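Single-letter residue listing:
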Amino acid sequence: MDKAWWKEAVVYQVYPRSFMDSDGDGIGDINGILMKLDYLQELGVNVIWLSPVYQSPNDDNGYDISDYKAIMTEFGTMADFDRLLKAVHERGMKIMMDLVVNHSSDEHPWFEESRSSKDNPKRDYYIWKPGRNGKEPNNWESIFKGSAWEYDERTDEYYLHLFSRKQPDLNWENPKLREEIYSIMTWWLNKGVDGFRMDVINFLSKDQSYSDGAIQHEKQYGDGSPFFLNGPRIHEFLQEINQRALSGHDVITVGEMPGVTPEEAQLFTGKDRGELHMVFQFEHMDLGKGPEGKWSNDKWKLTELKRILSKWQTGLEGDGWNSLYWNNHDQPRVVSRFGHDGKYRIESAKMLAACLHMLQGTPYIYQGEELGMTNVAFESIDEYRDIETLNSYDELVHSHGWSKERMMSAIHARSRDNARTPIQWNDSRNGGFTKGTPWIKVNPNFPEINAEKAYNDPNSIFHFYKKLIQLRKEHDIVVYGRFELLLPDDERIFAYTRSFEEEKLLVLCNFKEEQASYTLPEELHAYSATKLIGNYDQEEEGISSKPLQPYECRVYHLK
Ligand code: NOJ
């Protein structure tokens, strides 16, 4: 197994809008992040992934960029950013930028030029097509609902937007556009940033046929994904990104890749491929998807979750590399989703943390996860801010006849805003996030769940995460050990081993509210075992045969 610093690292994702507001405008900002660097250093994370901080009209909270070399006015200035980068480096940490280059904002000067006339030199920076029989060029649906094409009367053509109409897709077929992106990346690398998280990077190469996608039962639009997911030139583009922008820089890269399989991920992350270090796969996040996508919110089974994660563990063993995540700014809070956000909030948040951090791969912590922050249930749709949530509400309630109650309950379970409520720093007004009016309401549970309280309690979820991060630094096996699933058919317990040289780790996690007993393979009892970490206090010698308590986890080191 080749060693690398980015395999040994733990990444912490900051969603700047909701992290910390330093100036009272209700919006988190760069100076707010600076105020909390001691906190992140105390936690022990190595890399901070900053969700986009670039100039943006914020149709999709910064994932619609209008100037790739400027800082969003609400977040501060480039001087603030430079101070942040310096301060992060002084603390021995690194910054990973979000690179959003499948699309830009429609307010980017490139798009303004592109839409101005068919013979503008920037016309081909974007994807323009004539209509078909007076309608859209094909039947693709936008990920944020409605058609993926927008008609522009100035030139009587349509442009492609896989996300909102304010996020036109860039045309990667155009070498000039690609050069622009490499020069932007080089500009940031020369500033000293330490890597990139690449937004929907497997959408870059579109099948040039632009054929219609299949239409599912009763749907208005077709699914275009077979024509843009991992398209024909995707590996070429990623290799070119490396050659033209990344080479010579020892930086971390992770590509966000909806729909990716382990076989494809092996090609994207294989060590001799010159593409990416790791990808964000979505299979475990897609559990419970039904006919209405994530809003169906169907039941999930532990055996399914285990099957998916172990397939990824073994699929990338030895050559590729995994990212490990339960949460990000697009997903509900994990303790509400796979844990128990009531009585067993603390136990289940710790169990989920151990279960993830003991797998092979680079772990990502999403802000507030280390506090066991939960989903939120705002009463009215007016309190939601996320474009995907609002558009979906509109479509499902107003066009598909869903009752408001049904949709609100789906939103409470699955909306991206579950992850975007402000960080709860203390029990003062607005959870200490802002002195003004927050851009989105703070979760009302902040008096109970907040960083100050967690910090002062040695048994908190925060201190548990801190210990997990330390264990990673102390034991090579946590980073490099080979994974093997135990008890694949057990619906309550996620159990696995890791093996490295003569040692093993044994990880036992109970995902249920009930006690769970287990029988382990005989050979494990031949080792001498010490407990490295667990979320219930009892100390034992050797592997305990006692049933696991509700949401209990135990990690043993076997020698
Ligand atoms: C994935 C990002 O994580 C999400 O927040 C965003 O809406 C889309 N890509 C479009 O950029």
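In this text the structure is predicted, and so the values were computed from the model without any measurement.

**Q** Give a detailed account of the site of the ligand, specifying residues and quantitative values.
**A** In the vicinity of the ligand lie 13 residues, with Asp60, His103, Asp199, His329 and Asp330 positioned nearest. Asp199 places a polar side-chain atom, nitrogen or oxygen, 2.7 Å from an oxygen atom of the ligand. A distance of 2.8 Å separates an oxygen atom of the ligand from a polar atom in the side chain of His329. Against a free-state accessible area of 300 Å², the protein chains account for coverage of 98% of the ligand. Of the residues in the shell around the ligand, the class split is 4 nonpolar, 2 polar and 7 charged.

**Q** Lay out the packing of helix α11 (residues 345–357) against helix α15 (residues 461–474) with the relevant residues and their values.
**A** When two helices pack together, their arrangement is given by the angle between the helix axes and by the axis-to-axis distance. The N-to-C vectors of α11 and α15 enclose an angle of 15°; their axes lie 10 Å apart at closest approach. The orientation of α11 relative to α15 falls into the category roughly parallel. Crossing geometry of α11 relative to α15 is assigned as right-handed. Contacts between α11 and α15 pair Arg345, Ile346, Ala349, Lys350, Ala353, Ala354 and His357 from the former with Ile461, Phe464, Tyr465, Leu468 and Arg472 from the latter. Taken together, the residues of the contact of α11 with α15 sort by class into 8 nonpolar, 1 polar and 3 charged.

**Q** Please provide a residue-by-residue account of the domain arrangement of the chain, values included.
**A** Here the chain is partitioned into domain 1 (5–104 + 175–378 + 423–464), domain 2 (109–160), domain 3 (379–420) and domain 4 (480–558). Put simply, the middle of domain 1 and the middle of domain 4, counted by C-alpha atoms, are 29 Å apart. Each partner contributes residues to the interface: domain 1 has 28 residues there, and domain 4 has 30 residues. When domain 1 packs against domain 4, close to 2500 Å² is buried across both sides, 70% of that on carbon and sulfur atoms. Interface area lost by domain 1 to domain 4 is led by Lys306, Met351 and Met358, which between them contribute 26%.

**Q** Mind laying out the sheet that holds strand β9 (residues 195–198), listing which residues take part and the relevant values?
**A** Ordered in space as β11-β10-β9-β5-β2-β1-β13-β12, the 8 strands form an open sheet in which the pairing is parallel. In the strand order of this sheet, the two ends are held by β11 (278–280) and β12 (323–324), each with one partner. Direction of pairing for β9 relative to strand β10 (residues 252–256): parallel, over a ladder of 4 bridges. Paired with Arg197 across the bridge in β10 is Val254.

**Q** Please set out the UniProt feature "domain: Glycosyl hydrolase family 13 catalytic" (unreviewed entry) in the chain residue by residue, giving values where relevant.
**A** Per the UniProt record, "domain: Glycosyl hydrolase family 13 catalytic" (unreviewed entry) is annotated on residues 13–420. When the span residues 13–420 is considered, its composition is 31% helix and 12% strand, and the gap between its end C-alpha atoms is 12 Å.

**Q** Go over the side chain of Asp64 with me, naming the residues and quoting the values.
**A** Structurally, the position occupied by Asp64 is in the loop between β3 (54–55) and β4 (67–71). It is Lys166 that comes nearest to the buried, bridge-free Asp64 among opposite-charge side chains, at 6.1 Å. Reaching out from Asp64, the side chain makes a polar contact with the backbone nitrogen of Asp60 at a distance of 3.2 Å. Contact partners of Asp64, with chain neighbours within four places excluded, come to Gln55, Ser56, Pro57, Asn58, Asp59, Ser105, Lys166 and Gln167.

**Q** Describe the sheet that holds strand β16 (residues 503–510), and please don't skip the residues or the numbers.
**A** Judged by pairing direction, the sheet is antiparallel, and its 5 strands sit side by side in the order β14-β15-β16-β18-β17 without closing on themselves. A strand with exactly one partner marks an edge of an open sheet, and here the two such strands are β14 (482–486) and β17 (529–534). Taken pair by pair, the neighbouring strands of this sheet meet at an average axis angle of 20°, ignoring direction. The sheet contact formed by β14 and strand β15 (residues 493–500) spans 5 bridges and is antiparallel. Residue pairing in the sheet places Leu485 in a bridge with Tyr496 of β15. Here α11 sits on the sheet in contact with β15, β16 and β18 (553–558), set at roughly 35° to β18.

**Q** Describe unusual backbone geometry, naming the residues involved and giving the relevant values.
**A** Of note, Asn133 is a non-glycine position whose phi angle comes to about 50°, a positive value. Assignment of secondary structure puts Asn133 in the loop between β6 (128–129) and β7 (149–152). Even without being glycine, Lys145 reaches a positive phi, approximately 85°. Position of Lys145 among the secondary structure elements: in the loop between β6 and β7.

**Q** Report on the packing of aromatic side chains, specifying residues and quantitative values.
**A** All chains considered together, the criterion is met by 39 aromatic pairs. Relative to Tyr126, the ring of Phe111 lies with its centre 4.9 Å away and its plane at 80°, an arrangement referred to as edge-to-face. In this pair, Phe111 is assigned in helix α5 (residues 109–114) and Tyr126 in the loop between α5 and β6, connecting sequence segments 15 residues apart. A single burial state applies to Phe111 and to Tyr126, both of which are buried. Between the aromatic rings of Trp128 and Tyr159, the centroid separation amounts to 5.5 Å while the plane-to-plane angle is 70°, which identifies the pairing as edge-to-face.

Parameters at a glance
- Residues numbered from 1 in each chain as written.
- Predicted model: local features only at pLDDT ≥ 70, side-chain atom pairs only at ≥ 80, totals over all residues.
- Heavy atoms only, no water.
- Near = heavy atom within 4 Å.
- Polar contact = N/O pair within 3.5 Å; in protein donor to acceptor, adjacent residues only side chain to side chain.
- Areas by Shrake-Rupley, 256 points an atom, 1.4 Å probe, with all protein chains shown as cover.
- Nonpolar A, V, L, I, M, F, W, Y, C, P; charged D, E, K, R; others polar.
- Axes fitted to C-alpha atoms, helices over the stretch in contact; angles between N-to-C directions.
- Helix = DSSP H or I, 4+ residues; strand = E, 2+ residues; numbered from the N terminus.
- Parallel < 35°, antiparallel > 145°, perpendicular 65-115°, else oblique.
- Left-handed = near helix turned anticlockwise from the far one by under 90°.
- Contact = heavy atoms within 4.5 Å.
- Domains from an automatic or database assignment.
- Buried area = accessible area lost by both parts, 1.4 Å probe.
- Pairing = 2+ DSSP bridges.
- UniProt positions renumbered as here; feature names shortened; annotations may be inferred.
- Buried < 20%, exposed > 50% of the residue type's maximum accessible area, 1.4 Å probe, protein only.
- Lys, Arg positive; Asp, Glu negative; His and termini not counted.
- Salt bridge = Lys/Arg side-chain N within 4 Å of Asp/Glu carboxyl O.
- Phe/Tyr/Trp six-rings, centres within 6.5 Å; stacked < 30°, edge-to-face > 60°.

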